[in-house]
Amino acid sequence: MANAFSKEEIVAFEDMLEGFNDELVLSRNVSKYTTSDSQMERTNNIIWRPQPYISQSFTGTDQTSNFKSSTQLSVPATLGYSKSVPIVMTALELRDALQEKRLGDAAKQKLSSDINVAIMNVASAQGTVVIKRTSAASGYDDVAACDTAFNEQGVVSYDRYLALSSRDYNGMASNLAGRQTMNEKPINAYERSRVGLVAGFDTYKLDYANRLTAAAGGGTITMSTLIGAANYYVPKATSTAAGTGEVSNVDNRYQTITLSSNASVAAGDCFTIGGVEAVHHITKGGTGQLKSFRVISVGAANTVVISPPIISNQGNTTAEAEYKNVNVTPSGTAPIVWLNTVTAAINPFWQKDALEILPGRYAVPSDAGAAVMRATTDNGIEVVMQKFYDINTMNVKFRWDVFFGVVNKQPEMSGIMLFSQT
């Protein structure tokens, strides 16, 4: 039992886990899906998660011609994050128990950060509802713009979250601190730089935020929105391979479109298309506002992959009618207008069901020489701690591990806010 954990190490691990729960700020505000260990191993750690259904309604008592199959869309979710903190302590260093505890605290801090950053990266890269603000963060009106965009497009009004960079968050807190006609909020904003619940969004401060560089694609790029197979998207649950007949799932979050030029266009760029108007996803009523899109990747021959796809029902299919997200005024040269005009911090916002975390699990044997402890956080993330003594060097190796995945199931229920844009 040379590698057994001491009583002090067990207590330190339990204390670490409590602090680990406290620091998992973003992961507490996304949905969770627990996977099967054996199933994930057999599918290369990929599982297809369903997107919400959207139904149609029809007028009248005779619905004979309206009984049609609904299209169930799904997205691939991957256990793609394997994070580990390994350390080694000499027999001399182990004389100081406090040193070991501090290293455990550092491991906790780093792994918590890894999980939060993974969620922030996915939300920042794949959120498609883009709110462009021409001034610095100032308070209620900024968050209300996110609320308005979500409401207009039919995103449910509960469990909404907004994560702001420190500068933008403190800018909002400064605005609140100066509101003398309110009671508790200005005090918290002044003393603790706390914003809290604003316009239906729970707000959180990021000590690290991604930045989006200014679009460099130029102001003369256009695309065709005429009724043509390449200009709109038809959702489908599966596709059948030519020749083999193999049926596979389809990821309907993306579409490849052709621009007049993709020179200097970059992944992450945000844009609108002239004459392409967002609709309410349930009623299909127009919002009067242009739909925002994100560049996911840039291809050859002036092509780019965008999200979300342009589902305009120009093909007049049941699937398009169900998942329609835009009204289109057809044009052969619809202008592309870039929204990220100034390099700025990305402030992601989302509805809880849009983002999902998938806790994974390592099947570490407990009788192979190393001592093993494992515990699960409040949101399902398993933390594994291992200890191994090397008699050759009189060193003790420790490692802490987490294994998880993050998926944006519905990019149209998540977005980003950019401040100080021209």
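Since the structure is predicted, the reported quantities are computational estimates derived from the model, not experimental observations.

Topic: the overall build of the protein chain
Counting secondary structure elements, the protein chain contains 7 helices and 25 strands. Across the protein chain, every contact between residues at least 6 apart in sequence was considered, and the portion connecting residues at least 24 apart equals 76%. About 20100 Å² of surface is accessible on the protein chain, with carbon and sulfur atoms providing 51% of the total.

Focus on the nonpolar core
Core analysis: the largest hydrophobic core is formed by 39 residues, its most contacted members being Ile 115 and Trp 400. Every element with two or more residues in this core is listed here: helix 1 (7-23), strand 4 (81-90), helix 3 (97-126), strand 6 (160-165), strand 21 (355-359), strand 22 (371-376), strand 23 (382-390) and strand 24 (395-408). Per-element accounting of this core gives the leading share, 8 residues, to helix 3. Counting residues in each nonpolar core, the second largest holds 20 residues, with Ala 137, Phe 150, Tyr 169 and Phe 349 among its members.

Remarks on the pairing of strand 15 (residues 286-298)
The pairing of strand 14 (residues 270-279) with strand 15 spans 5 bridges and is antiparallel. Within strand 15, the position partnered with Val 279 by the bridge is Gly 286. The antiparallel pairing of strand 14 with strand 15 creates a hairpin that spans 6 residues between the two strands, and Lys 284 there sits at a positive phi of about 70 degrees. Where strand 15 and strand 16 (residues 303-307) come together, 4 bridges link them in antiparallel fashion.

Some points on the pattern of salt bridges
Applying the stated criterion to the full structure yields 11 salt bridges. Notably, a salt bridge pairs Lys 110 with Asp 114, separated by 3.1 Å at the nearest N-O pair. Pair noted here: Lys 110 and Asp 114 are both in helix 3, with a separation of 4 residues, about one helical turn. The class for Lys 110 is partly exposed, based on a relative accessible area of 46%. For Asp 114, a relative accessible area of 13% puts it in the buried group. A salt bridge links Arg 399 to Asp 401; its shortest N-O distance comes to 2.8 Å. For Asp 401, a relative accessible area of 3% puts it in the buried group.

What to know about the packing of aromatic side chains
Aromatic rings considered in pairs are described by the distance between their centres and by the relative angle of their planes. Within this structure, the stated rule accounts for 10 aromatic pairs. Among the aromatic side chains, those forming a connected cluster through ring pairs are Phe 150, Phe 201 and Phe 349. Over the ring of Tyr 33 we find Arg 49, and its NZ or CZ is 3.6 Å from the ring centre.

Some remarks on the pairing of strand 21
Most of strand 21 is tucked away: 5 of the 5 residues are buried. Where strand 1 (residues 31-32) and strand 21 come together, 2 bridges link them in parallel fashion. Residue pairing across strands places Lys 32 opposite Ile 357, the latter belonging to strand 21. Of the strand pairs in this sheet, strand 21 and strand 24 are connected by 5 bridges, and their pairing is antiparallel. Looking at the pairing, Pro 359 lines up with Phe 404 of strand 24.

Some points on the confidence of the model for the protein chain
With 89% of its residues at a pLDDT of at least 70, the protein chain reaches an overall mean of 86. Contacts from residues 187-193, a stretch scored under 50 in pLDDT, to residues over four places away or in other chains number 12 contacts.

Describing the layout of surface pockets
In this structure, the largest pocket spans a volume of roughly 400 Å³. Lining the largest pocket are 15 residues; nearest its centre among them are Glu 23, Val 25, Asn 116, Lys 205 and Asp 207. Looking at the lining of the largest pocket, the elements that each hand over two or more residues are helix 3 and strand 8 (201-206). Considered class by class, the residues forming the lining of the largest pocket number 7 nonpolar, 4 polar and 4 charged. One number sums up the size of the second largest pocket: a volume of about 320 Å³. The wall of the second largest pocket is formed by 16 residues, among which Val 130, Ile 131, Ala 149, Gln 289 and Leu 290 lie closest to the centre. When residues of the lining of the second largest pocket are traced back to their parent elements, those giving at least two are strand 5 (129-132), helix 4 (140-152), strand 14 and strand 15. Split into classes, the residues belonging to the lining of the second largest pocket amount to 7 nonpolar, 6 polar and 3 charged.

Parameters and conventions
- Residues numbered from 1 in each chain as written.
- Predicted model: local features only at pLDDT ≥ 70, side-chain atom pairs only at ≥ 80, totals over all residues.
- Heavy atoms only, no water.
- Helix = DSSP H or I, 4+ residues; strand = E, 2+ residues; numbered from the N terminus.
- Contact = heavy atoms within 4.5 Å.
- Areas by Shrake-Rupley, 256 points an atom, 1.4 Å probe, with all protein chains shown as cover.
- Core = buried A, V, L, I, M, F, W, Y, C linked by side-chain atoms within 4.5 Å.
- Buried < 20%, exposed > 50% of the residue type's maximum accessible area, 1.4 Å probe, protein only.
- Pairing = 2+ DSSP bridges.
- Salt bridge = Lys/Arg side-chain N within 4 Å of Asp/Glu carboxyl O.
- Phe/Tyr/Trp six-rings, centres within 6.5 Å; stacked < 30°, edge-to-face > 60°.
- Lys NZ or Arg CZ within 6 Å of the ring centre and 35° of its normal.
- pLDDT = per-residue confidence, 0-100.
- 1 Å grid on protein atoms, 1.4 Å probe; cavity = no way out; pocket = protein on both sides within 12 Å on 5 of 7 lines; lining within 4 Å.
- Points joined across faces, edges and corners; volume = space filled by probe spheres on them.
- Nonpolar A, V, L, I, M, F, W, Y, C, P; charged D, E, K, R; others polar.

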